[in-house]
Amino acid sequence: MALSSFFGSPRAVFSAAILLRAVFLVYGLFQDAFSPMKYTDIDYFVFTDAARFISQGRSPYARDTYRYTPLLAWLIYPTTWPGFWFSFGKVLFAVGDIVAGWMMFRILRSYQNMPQERALKFASIWLLNPMVATISTRGSSEGLLGVFVIALLWAVLAKRIPVAGFLLGFAVHFKIYPFIYAASIIWWLDEDQVGPSKIGKAEPSNSLAAQVVRFLNPQRIALAIYSLVTFMGLNVIMYLSYGFPFLEHSYFYHLIRIDHRHNFSPYNTLLYLNSSPAQSPNPSAPSSLELERLAFLPQLLLSAIMIPLALAKKDLPSTMLAQTFAFVTFNKVCTSQYFLWYMMFLPFYLPDSSLLRSQPVGLTALILWILGQVFWLQQGYQLEFLGKSTFVPGLWAASIMFFLVNVGILSIIIRDVANKCSQASRVKPGKKAL
């Protein structure tokens, strides 16, 4: 009864979400001050150092390992002020969590026609999730990215195409991976979604030219133009301000990165070997790094082509979940922060999923997902903190196990979305905006 009353009140749920993050923020200050194992993520020091360089009139890329848009450093500029302002970025990221959760709640209410109590329960998968709160309050910017991505979903569902185009271009500039959503959104924006057919409309021609004309409807063209102009405009501004280092660190680096620490990917051991200069006795032999660069092929084939084409017209939010899950699972670098990329779509997918309808399936998937991480972290702890060589078979086996678990969960998600009726029948175009 008390639980029902709690989820019946948006004020109670959002107050609890804010309190949760406040507790983690305060706890983090104590852990940083008194524990040898720091709470604050190393990336946060990278962000704040870049902001400090900007405050000195220098490039943010003067900070080694800063691989992000200068916009991020500018957003946390107050961290350069004296006093408690150093935590400003963490507060900003935590606020981003809350805003993203609020938008999830409104989408569930307005576009999935969900009762308030039920919508709050599913939004709480994000809002009251300790993992989400911890990652943001440790100083990861993924919560802020969540605002842009969920806002993009809302704008598309609300048929605010110029806004959607701006948000897509901005999100891709902020963090490259949201480009995969372009395919799903473009495919979803057909005539059935953007508006009803005209009464008495003549039977459409099936010629190739006619199909191309029908595909290039005004909504698709507008989305492409607004997103491209936003993306290129931001890039031109940043390039004029910071030169080639902006392109090198924000974009080109991610094509050749070989991060191996805290990497759940099955490429982890290979990346570790490639982190040292190659000592191949045969210089003409293809290096593992050259083969590893092909890792993006199955990743992009699944996340940016096959999944959007197969699923987008059935259920856009769940398709975006499947895309993100595939992108993270097959990425050559996979860290805990990346899990937030797909967790933000769970409130839209889970209500009608077999993971909830069949408790054994859902519970088994959750347990295996957690155990896969525990196994990997146990091996990683022995390697990084105890100095034991656990690469083979321990760390490698843990990475393979976690990969297979994620592939299994992805197959469930894809099957669920494929079995859904067309989203057009359950999403009401023109429903009130947020």
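Just so we're clear, the structure is a prediction, and the values are computed from it rather than from any experiment. (Residues numbered from 1 in each chain as written. Predicted model: local features only at pLDDT ≥ 70, side-chain atom pairs only at ≥ 80, totals over all residues. Heavy atoms only, no water.)

This part takes up the packing of helix H7 (residues 130-137) against helix H19 (residues 336-343). Viewed as axis vectors pointing N to C, H7 and H19 meet at an angle of 125°, and their least axial separation amounts to 10 Å. When the axes of H7 and H19 are compared, the pair comes out oblique. When the axes of H7 and H19 are compared, the crossing they make is left-handed. Contacts between H7 and H19 involve Met131, Val132 and Ile135 from the first element and Ser336, Gln337, Phe339, Leu340 and Met343 from the second. The residue makeup of the contact of H7 with H19, split by class, is six nonpolar, two polar and no charged. (Axes fitted to C-alpha atoms, helices over the stretch in contact; angles between N-to-C directions. Helix = DSSP H or I, 4+ residues; strand = E, 2+ residues; numbered from the N terminus. Parallel < 35°, antiparallel > 145°, perpendicular 65-115°, else oblique. Left-handed = near helix turned anticlockwise from the far one by under 90°. Contact = heavy atoms within 4.5 Å. Nonpolar A, V, L, I, M, F, W, Y, C, P; charged D, E, K, R; others polar.)

As a further point, take the confidence of the model for the protein. When pLDDT is averaged along the protein, the result is 86; 86% of the residues meet or exceed 70. Within the model, pLDDT remains below 50 along residues 279-289, and this stretch shows five contacts once partners closer than five positions in the same chain are excluded. Of the regions scoring below 50 in pLDDT, residues 422-433 engages in 29 contacts with residues more than four places distant in sequence or in other chains. (pLDDT = per-residue confidence, 0-100.)

Following the criterion strictly, the structure yields seven salt bridges and no others. A salt bridge links Lys121 to Glu117, with the nearest nitrogen and oxygen atoms 3.6 Å apart. Residue Lys121 and its partner Glu117 are both found in helix H6 (residues 116-127); the two are separated by four residues, about one turn of the helix. The class of Lys121 is partly exposed, set by a relative accessible area of 40%. Several salt bridges share partner residues, and in doing so they unite Asp49, Arg52 and Arg63 into one network. (Salt bridge = Lys/Arg side-chain N within 4 Å of Asp/Glu carboxyl O. Buried < 20%, exposed > 50% of the residue type's maximum accessible area, 1.4 Å probe, protein only.)

Ranked by size, the top nonpolar core spans 114 residues in total, and within it Tyr66, Tyr177, Tyr181, Phe339 and Phe345 carry the most contacts. The residues touching Phe345, leaving out its near neighbours within four places in the chain, are Val149, Leu153, Tyr181, Pro317, Met320, Leu321 and Thr324. (Core = buried A, V, L, I, M, F, W, Y, C linked by side-chain atoms within 4.5 Å.)

The next subject is the side chain of Asn331. Along the polypeptide, Asn331 turns up in the loop between helix H18 (316-329) and H19. Among the polar contacts listed, one links the side chain of Asn331 to the side chain of Gln299, at a separation of 3.0 Å. Apart from residues lying up to four places away in sequence, Asn331 is in contact with Ser265, Tyr267, Gln299 and Tyr338. (Polar contact = N/O pair within 3.5 Å; in protein donor to acceptor, adjacent residues only side chain to side chain.)

Okay, the UniProt feature "transmembrane region" (unreviewed entry) in the protein next. Per the UniProt annotation, the sites labelled "transmembrane region" (unreviewed entry) are residues 12-30, 84-105, 126-157, 163-189, 221-242, 324-349, 361-378 and 390-414. Taken end to end, residues 221-242 is 100% helix and 0% strand, and its two terminal C-alpha atoms sit 31 Å from one another. (UniProt positions renumbered as here; feature names shortened; annotations may be inferred.)

On to helix H13 (residues 218-242), then. For H13, which comprises 25 residues, the first-to-last C-alpha distance of 36 Å matches the rise-based estimate of 36 Å (1.5 Å per residue) to within 8%. Every buried residue belonging to H13 is among Arg220, Ala222, Leu223, Ser227, Thr230, Leu234, Asn235, Met238 and Tyr242, and all of these are buried. (Expected span 1.5 Å × (residues − 1).)

Between two packed helices, both the angle of their axes relative to each other and the distance between the axes serve to describe the pair. Here helix H5 (residues 88-110) crosses helix H8 (residues 142-157) at 25°, and the two axes come no closer than 7 Å. Of the possible angle classes, the one that applies to H5 and H8 is roughly parallel. At the point where H5 passes H8, the crossing takes the left-handed sense. Contacts from Leu92, Phe93, Gly96, Asp97, Val99, Ala100, Met103, Met104 and Ile107 in H5 reach Gly143, Leu144, Gly146, Val147, Ile150, Ala151, Leu153, Trp154 and Leu157 in H8.

Here we come to the packing of aromatic side chains. In this description, an aromatic ring pair is defined by two values, namely the gap between the centres and the angle between the planes. Going through the model one piece at a time under the given rule, you end up with 37 aromatic pairs. Here Phe14 and Phe105 contribute two aromatic rings whose centre-to-centre distance is 6.3 Å and whose plane-to-plane angle is 70°, an arrangement assigned as edge-to-face. Of this pair, Phe14 sits in helix H2 (residues 10-34) while Phe105 sits in helix H5, placing them 91 residues apart in sequence. Accessibility expressed as a relative area gives 13% for Phe14, which makes it buried. Considering the side-chain rings of Tyr44 and Phe93, the 6.5 Å spacing of their centres and the 90° angle between planes classify their relative orientation as edge-to-face. On the criterion of sequence distance, the pair formed by Tyr44 in helix H3 (residues 42-55) and Phe93 in helix H5 is long-range, its members being 49 residues apart. Taking relative accessible area as the criterion, Phe93 reaches 0% and is therefore assigned buried. One aromatic cluster in this structure is built from Tyr44, Phe45, Phe47, Tyr61, Tyr66, Tyr68, Phe86 and Phe93. (Phe/Tyr/Trp six-rings, centres within 6.5 Å; stacked < 30°, edge-to-face > 60°.)

Another aspect to go through is the environment of Leu189. As for its position among the elements, Leu189 is in the loop between helix H10 (181-188) and helix H11 (191-194). Its relative accessible area of 0% is what places Leu189 among the buried residues. As a C-alpha pair, Leu189 and Pro218 span 29 residues in sequence and 9.6 Å in three-dimensional space.

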